[in-house]
Number of protein chains: 2
Amino acid sequence: MTSRSAGSERPKAEPPQSAPPLTPGARRILDTAAELFYERGITATGVDTVAEAAQITKRTLYNRFGSKDALVTAYLRERDERWRALVTEAVEERAPGLPRLLAPFDVLTSWTASNSRGCAFVNALAELPDPAHPAHRVAAEEKKWLRALFVRLLGESGLKGRERGELADQLVCLHEGALVLHSLRPGPAALRPARAGARTLLRAKGIGAG
Amino acid sequence: MTSRSAGSERPKAEPPQSAPPLTPGARRILDTAAELFYERGITATGVDTVAEAAQITKRTLYNRFGSKDALVTAYLRERDERWRALVTEAVEERAPGLPRLLAPFDVLTSWTASNSRGCAFVNALAELPDPAHPAHRVAAEEKKWLRALFVRLLGESGLKGRERGELADQLVCLHEGALVLHSLRPGPAALRPARAGARTLLRAKGIGAG
DNA sequence: CCGTAGGTATACAGATCTGTAAAGGCAAGT
DNA sequence: ACTTGCCTTTACAGATCTGTATACCTACGG
């Protein structure tokens, strides 16, 4: 739980698990559940509510997903998948020379346009304290992944050793904090300070950031 | 909701509301509820559970607090009160010349020793999305207060204008992020990067930080 | 033609949740 | 002596929650 030995500082290539294709009904269920879980909270959203909003019967929901816990896990998994894809793309498609390390912060601008309730994974951790819950693991993995991404990019920028891990943690902090601020006062202005702070911290370590 | 006109950049002297003295039973209820709400989540903790753990009857609980929502609000209010007192004390009792702006970060070290489930206010916001819920307001106020504190201290350090607000936001981000990191991997090590990052950001603005 | 997969409709079991009802015990203050 | 405040006990109403049972419809591929 505390630290991993070997590959923990390198983001895995694949998002944890490639999802099997969903039936049309399952697709609609998952989309609906995703919105409701995020917007109203997981525990506060009942399966009846999801089923009704998705315009399917509860029976179908249980046939496709088996349980509410499984549905919650699927929701977080897919969200994780999309988020990683978005960030990965933003990092890779950056014009060379431009600060790839700030890409995750820039992604937030579009991401938060339709997500003003903070970080879904932090929220999930708040509602599902049990570490044995699979959804708990997914949420924890997402944070580890972002940190590992920062570590990798910092490595490519020439930073090594203990300083690298510390700076990665700081970038994660700013990132998380930005989402909290945004949830309190939605709007692009809530994200700017974190990005600027990241740039300052990078510069302080001699990493040019634009 | 978005911004306040006059005194929003100055921390109010009094924690929102001075609590009336509690009966012994009410005291035990509130203590028990505080621990359970924080540790297991608010929605996931029923009033029966609270009553049983506090060794009082549900009737007493309702006689003292009126409703679960009111109990939740009382829980957050008291937590807010204690947190503010702790931070305020740490700021004021700092040896002159020492970086008072880092005091909130130092307080986290002792605070998180018994609070490894992240920020109770962020968690509450996750579980209670309705902005009309009084507990929601309490949580939002807490964040505003911390920012205002940073703004004030930065002002005393000679920083003014737009830069001041931005730096305050950055410190809040680091602060929140530290709590998230700590919830993922509890221990004092989770807090160090945020504190160090704060120092770097302060130095970058010419504010000596120790 | 027939089986299978995806979905529908309705009803229900069993647990748990918030909140209330009714009646009483006990100690302190006046 | 009498009230008032704090708390207890037991029971229950009514809603809501997760999950299941039963039976049926429809489209499609072999």
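Reading the values: rules and limits
Residues numbered from 1 in each chain as written. Chains lettered and ligands numbered in written order. Predicted model: local features only at pLDDT ≥ 70, side-chain atom pairs only at ≥ 80, totals over all residues. Heavy atoms only, no water. Contact = heavy atoms within 4.5 Å. Buried area = accessible area lost by both parts, 1.4 Å probe. Salt bridge = Lys/Arg side-chain N within 4 Å of Asp/Glu carboxyl O. Helix = DSSP H or I, 4+ residues; strand = E, 2+ residues; numbered from the N terminus. Core = buried A, V, L, I, M, F, W, Y, C linked by side-chain atoms within 4.5 Å. Buried < 20%, exposed > 50% of the residue type's maximum accessible area, 1.4 Å probe, protein only. Phe/Tyr/Trp six-rings, centres within 6.5 Å; stacked < 30°, edge-to-face > 60°. Lys NZ or Arg CZ within 6 Å of the ring centre and 35° of its normal. Near = heavy atom within 4 Å. Polar contact = N/O pair within 3.5 Å; in protein donor to acceptor, adjacent residues only side chain to side chain. Domains from an automatic or database assignment. Nonpolar A, V, L, I, M, F, W, Y, C, P; charged D, E, K, R; others polar.

1. Describing the interface of chain B and chain A
Listed per partner, the contact involves 35 residues of chain B and 36 residues of chain A. Together, the buried faces of chain B and chain A total about 2900 Å²; carbon and sulfur atoms form 74% of this surface. Our count for the chain B to chain A interface comes out at zero salt bridges. Counting residues per element, the ones that place at least two in the side of chain B that touches chain A are helix H1 (24-40), helix H6 (120-127), helix H7 (134-156), helix H8 (161-184) and helix H9 (192-204) of chain B. The element best represented in the side of chain B that touches chain A is H8 of chain B, accounting for twelve residues.

2. A short note on the pattern of salt bridges
Summed over the entire model, instances satisfying the criterion amount to 28 salt bridges over all chains. Two residues, Arg-94 of chain B and Asp-106 of chain B, come together in a salt bridge whose shortest N-O distance is 2.4 Å. Within this pair, whereas Arg-94 of chain B is found in the loop between helix H4 (68-92) and helix H5 (103-111), its partner Asp-106 of chain B is found in helix H5, the two being separated by twelve residues in sequence. In this structure, a network of salt bridges that share partners links the residues Arg-27, Asp-31, Glu-78 and Arg-82 of chain A.

3. With respect to the nonpolar core
Core analysis: the biggest nonpolar cluster contains 129 residues, and Leu-71 of chain A together with Leu-71 of chain B have the highest contact counts within it. Each residue touching Leu-71 of chain B, except ones within four places of it in the same chain, is listed here: Ile-29, Leu-30, Ala-33, Phe-37, Val-50, Leu-61 and Phe-65 of chain B.

4. Let's talk about the packing of aromatic side chains
Scanning the model with the defined rule gives six aromatic pairs over all chains in all. Their ring planes at 55° and their centres at 5.6 Å tell us that Phe-37 of chain B and Tyr-75 of chain B sit as a pair that is tilted. In this pair, Phe-37 of chain B is assigned in helix H1 and Tyr-75 of chain B in helix H4, connecting sequence segments 38 residues apart. The positively charged end of Arg-79 of chain A is found above the aromatic ring belonging to Tyr-38 of chain A, 4.2 Å away from the centroid.

5. A short note on the protein's contact with DNA strand C
Gly-25 of chain A together with Val-47, Asp-48, Lys-58 and Tyr-62 of chain B are the nearest of the 18 residues found near DNA strand C. Among the atoms of DNA strand C close to the protein, meaning within 4 Å, 60% are from sugar or phosphate groups. In the model, a phosphate oxygen of DNA strand C is placed 3.1 Å from a nitrogen or oxygen of the Thr-60 of chain A side chain. In this structure, a phosphate oxygen belonging to DNA strand C sits 2.9 Å away from a main-chain N or O atom of Lys-68 of chain B.

6. Here's the deal with the domain arrangement of chain A
Interfaces are frequently sized by the accessible area removed from exposure as the parts join. All names here are of chain A. Splitting chain A by domain gives domain 1 (20-66) and domain 2 (75-210). The distance between the C-alpha centroids of domain 1 and domain 2 comes to 28 Å. At the junction of the two partners, domain 1 supplies twelve residues and domain 2 supplies 13 residues. Between Glu-78 and Arg-27 there is a salt bridge; the shortest N-O distance is 2.6 Å. Our enumeration of links across domain 1 and domain 2 arrives at seven residue pairs in polar contact (both at pLDDT 80 or more). By residue class, the composition of the side of domain 1 that touches domain 2 is six nonpolar, two polar and four charged.

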